[in-house]
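# Breakdown of the fold
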Amino acid sequence: MDRTLAADLARLPDLLDATRRAAAEALATLGERAVVPPAPKPQDPEPLPEHGLGTESALAAFRGRWEQRLSASAGPRYLGFVTGGATPAALAGDWLTAAHDQNSNSSMDGAGQDLERETVGWLRELFGLSDAHTGTFVSGATMSNTTGLAIAREWLGERLGVSPAEDGAAALGPVRVLSGAPHSSIAKALSFLGLGRSSLVRVPTLPGREAVDPAALDRALADTPGPAVVVANAGTVNTVDFDDLPAIAALRPRHDFWLHTDAAFGAFAALSPDHAHLAEGLDASDSVCVDLHKWLNVPYDSAVQFTRRRDLQARVFQNAAAYLGPLGEHPDLVHLTPENSHRLRALAAWFTLRAYGRQGHREIVERNIAGARALGAALEEDPAFTLLAPVRLNVVCFTLAGDPDPARLTALREAVSAEVFVTPTVHEGTAGLRAAFSNWRTTQADVGRAARALRTAAREIA
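This structure is a prediction, so every number in the text was calculated from the model and none was measured.

What follows concerns the overall build of the chain. On a plain count of helices and strands, the chain comes out with 15 helices and 11 strands. The globule rule puts the C-alpha radius of gyration for 462 residues at 23 Å, and the 24 Å found for the chain is close to it. Reported as C-alpha extents along the three principal axes, the dimensions of the chain are approximately 65 × 65 × 45 Å. Taken over 462 residues, the chain has a buried fraction of 50%. Contacts spanning at least 24 positions in sequence make up 72% of the contacts within the chain whose residues lie at least 6 apart.

Attention shifts here to the sheet that holds strand β5 (residues 257–262). Hydrogen bonds between backbone atoms are what pair the strands of a sheet, whose relative direction is either parallel or antiparallel. Pairing within the open sheet is mixed, and its 7 strands lie in the order β1-β7-β6-β5-β4-β2-β3. One side of each edge strand has no neighbouring strand; the edge strands of this open sheet are β1 (134–138) and β3 (200–202). If you compare each strand with its neighbour and ignore which way they point, the axes differ by 20° on average. Strand direction decides the pairing type here: strand β4 (residues 228–233) and β5, joined by 6 bridges, are parallel. Across the sheet, the residue bridging to Ala 228 is Phe 257, located in β5. Contacts between helix α12 (residues 310–317) and the sheet are confined to β1, β5 and β7 (303–307), with β7 contributing the most and set at about 120° to the helix.

A separate point is the sheet that holds strand β10 (residues 423–427). The strand order across the open sheet formed by 4 strands is β8-β9-β11-β10, and the pairing between neighbours is antiparallel. Across the chains shown, the open sheet's two edge strands, defined by having one partner strand only, are β8 (385–387) and β10. On average, adjacent strands in this sheet sit at an angle of 45° to one another, irrespective of strand direction. Alignment of strand β9 (residues 395–400) against strand β11 (residues 430–436), held across 4 bridges, turns out to be antiparallel.

Our focus in this paragraph is empty space enclosed by the protein. Applying the stated criterion across every chain yields a total of 1 cavity of 30 Å³ or more. Taken as a whole, the largest cavity spans an internal volume of roughly 60 Å³. Breaking the lining of the largest cavity down by element, the ones donating at least two residues are α4 (88–100) and α13 (346–381). In terms of residue class, the lining of the largest cavity is built from 5 nonpolar, 2 polar and 4 charged.

Glancing now at the pairing of β1. β1 sits mainly inside the fold: 5 of its 5 residues count as buried. Sheet topology note: the β1/β7 ladder contains 5 bridges and is antiparallel. Paired with Val 138 across the strands is Ala 303, a residue of β7.

Now for the layout of surface pockets. In this structure, the largest pocket encloses a volume near 1000 Å³. The set of elements that each furnish at least two residues to the lining of the largest pocket consists of α2 (12–28), α3 (55–65) and α4. Ranked by residues supplied to the lining of the largest pocket, first place goes to α2 with 7 residues. Looking at the lining of the largest pocket residue by residue, the classes come out as 20 nonpolar, 7 polar and 6 charged. Its boundaries defined by the atoms lining it, the second largest pocket holds a volume of some 570 Å³. In terms of lining, the second largest pocket is formed by 26 residues, of which the most central are His 183, Ser 184, Ser 185, Val 237 and Lys 294. Residue assignment for the lining of the second largest pocket shows that the elements contributing at least two residues are α6 (141–160), α8 (184–192) and α11 (292–295). Residue composition of the lining of the second largest pocket, grouped by class: 8 nonpolar, 11 polar and 7 charged.

Our focus in this paragraph is a nonpolar patch on the surface. A cluster of nonpolar residues, Met 1, Leu 5, Leu 9, Leu 12, Leu 16 and Trp 95, forms a patch on the protein surface that exposes about 640 Å² of accessible area. For the nonpolar patch, the secondary-structure elements that each account for two or more residues are α1 (3–10) and α2. With respect to the helices and strands, Leu 9 occurs in helix α1. A relative accessible area of 53% places Leu 9 in the exposed class.

A few words on the pairing of β11. Counting buried positions along β11 gives 6 out of 7 residues, so the element sits mostly inside the fold. Note that β10 and β11 share 5 bridges and pair antiparallel. Looking at the pairing, Pro 424 lines up with Leu 433 of β11. Linking two consecutive strands that pair antiparallel, namely β10 and β11, is a turn of 2 residues; a positive phi of about 50° is found at Glu 428 within it.

What follows covers the packing of aromatic side chains. Under the counting rule described, the total for this entry stands at 8 aromatic pairs. Measuring from centroid to centroid gives 5.7 Å for Phe 81 and Phe 421, while their planes differ by 45°, and the two rings are tilted. In this pair, Phe 81 is assigned in the loop between α3 and α4 and Phe 421 in the loop between α14 (406–415) and β10, connecting sequence segments 340 residues apart. Relative accessible area serves as the criterion here: at 48%, Phe 81 is assigned to the partly exposed category. On the basis of relative accessible area, Phe 421 is assigned to the buried category, the value being 12%.

About the criteria used
- Residues numbered from 1 in each chain as written.
- Predicted model: local features only at pLDDT ≥ 70, side-chain atom pairs only at ≥ 80, totals over all residues.
- Heavy atoms only, no water.
- Helix = DSSP H or I, 4+ residues; strand = E, 2+ residues; numbered from the N terminus.
- Rg over C-alpha atoms; globule rule 2.2 N^0.38 Å.
- Buried < 20%, exposed > 50% of the residue type's maximum accessible area, 1.4 Å probe, protein only.
- Contact = heavy atoms within 4.5 Å.
- Pairing = 2+ DSSP bridges.
- Axes fitted to C-alpha atoms, helices over the stretch in contact; angles between N-to-C directions.
- 1 Å grid on protein atoms, 1.4 Å probe; cavity = no way out; pocket = protein on both sides within 12 Å on 5 of 7 lines; lining within 4 Å.
- Points joined across faces, edges and corners; volume = space filled by probe spheres on them.
- Nonpolar A, V, L, I, M, F, W, Y, C, P; charged D, E, K, R; others polar.
- Patch = residues over 30% accessible without salt bridge, like charges linked within 9 Å, V, L, I, M, F, W, Y side chains within 5 Å.
- Areas by Shrake-Rupley, 256 points an atom, 1.4 Å probe, with all protein chains shown as cover.
- Salt bridge = Lys/Arg side-chain N within 4 Å of Asp/Glu carboxyl O.
- Phe/Tyr/Trp six-rings, centres within 6.5 Å; stacked < 30°, edge-to-face > 60°.

Following this line, the structure appears as structure tokens:
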């Protein structure tokens, strides 16, 4: 064994303790650090060491060269990208995921698979899905959407008497995927799956909304020869608008379509009694995307995908090799996602669900919703700002009043970046900004700091 590696092995408990102290120090200052530090001067990459100096040296180099450049993305005022953080229990679970370093894809070493199935069952219950849905963990919403649409692609083939998994996507002929306000990952998935970005057909939305117009969808389906795919939204990225899922499902007696619902963070509305109606009808979906490193507050990268057709899922993703388990009634996870390498992501989710339960996660959701509404109200009262949409759940979509010039919005965003991080957007042709609340640490005090920073910066820019 390399001498440095052997020395680290001998000192492993001390090295882990040093790492724990470094992590604890970083987390202790999370609420007061610059949310996005100023851009440093460009640095030349260091050369690869020929002879390493061990973990202690690497930790010191990381803290001196990189740590201060990292954003406080796990903190309470990082309000971009609908990003959560990591609850204490999720952090513990993630650390143990690395420590145990499981290959959870195979029943030959089956504890990881069983733990994931138990966790998926808890999540299914949390979101109000029936036992007809099975699920697997993937890396994020993009991969969850891609997996759901891959199953939809195979369903189209089943309807047409072909198998894209065997014969290729070209065997389907022209495909139409209908959606009102699809997330950008949908087009990316269609490109990846060989269906093409041009197969995505935008259906008119309701006036002043990002929710699809069910009557327009009815007409579009009537104009579609053969089976189609409908991508519904349970929480759009800009304004957290929800499609009327029961109304979409009610179109099925007249039209043949697969219903995939992108509920990346909107599914968590089901946890709040006052907002659960928004996610009503989610169980009618044939496949569902839910991102977990958003509102479940587990570390990157983690999401779950659900489907009613695990048989088609296994047909798409089955992996034939002597060292892999058979498909069987309960296929190994290697047969269910694009990833042959599948870390035990479920453990962080299992930890946080076991530690805080439904009620603990409901409190996070409802506190975040209250924070979004408070920020929206504060900005609406200030003549420097205009809300681009009502605050429906946990996202505030706003712009500068009078002259929402992209350059001025960039200046505003950069001026407040030490206090609060928001992301740029365009809504109905108007440039704006988004503040997305999903972090378990965020309090009303953080909302006040964010509002004050935005107001001050707006006056300075004006």
